[in-house]
Amino acid sequence: MASETRFWTSREGRTGFVAGLAGPLVMMGLWMAYRMLTGSMEGAGVQGGSALSHWWDLLWGSGLVGPLLSLAVLPNLALFWWNLYRQSEKGAGGVLVATFMYALVVVAMKWVF
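Criteria and cut-off values
- Residues numbered from 1 in each chain as written.
- Predicted model: local features only at pLDDT ≥ 70, side-chain atom pairs only at ≥ 80, totals over all residues.
- Heavy atoms only, no water.
- Helix = DSSP H or I, 4+ residues; strand = E, 2+ residues; numbered from the N terminus.
- Expected span 1.5 Å × (residues − 1).
- Buried < 20%, exposed > 50% of the residue type's maximum accessible area, 1.4 Å probe, protein only.
- Patch = residues over 30% accessible without salt bridge, like charges linked within 9 Å, V, L, I, M, F, W, Y side chains within 5 Å.
- Areas by Shrake-Rupley, 256 points an atom, 1.4 Å probe, with all protein chains shown as cover.
- Salt bridge = Lys/Arg side-chain N within 4 Å of Asp/Glu carboxyl O.

Here helix 1 (residues 11–38) spans 40 Å end to end across 28 residues, near enough to the 40 Å set by a 1.5 Å rise per residue. Positive phi appears at Gly39, one or two residues downstream of helix 1, with a value of about 85 degrees.

Below, the structure written as structure tokens:
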């Protein structure tokens, strides 16, 4: 019966896992695109390079990458509940494992880097 609880043994579980990994990256990309379109990233580029790389260095230096990544994981909550609504426990498990992986990354950013 242990094989029934593993999310990676089914297509739904793997799809949930990939969606759980991609969701926060898409949210961070959309947020950065919005910031670029509104012009709030213009002051970041002082000399050479792109404004995006300077802005990323500013976020990393101020310690805001971890909290922003934590907020970007919120769409995984919707993915989790959607999989449960569809009665796809393996898909929900895949999203949950991906969310825990992001939690480890945020903890590492907080205390290691």
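Let us look at unusual backbone geometry. Of note in this structure, Gln87 is not a glycine but carries a positive phi near 60 degrees. Inspection of the secondary structure assignment puts Gln87 in the loop between helix 4 (75–85) and helix 5 (89–111). When its relative accessible area of 65% is taken as the criterion, Gln87 is described as exposed.

Here we come to a nonpolar patch on the surface. Nonpolar side chains collect at one region of the surface, where Trp56, Trp60, Val107, Trp111, Val112 and Phe113 lie side by side and expose about 740 Å² of accessible area between them. Of all the secondary structure elements, the ones that give two or more residues to the nonpolar patch are helix 2 (51–62) and helix 5. Examined against the element boundaries, Val112 turns out to sit in the segment after helix 5.

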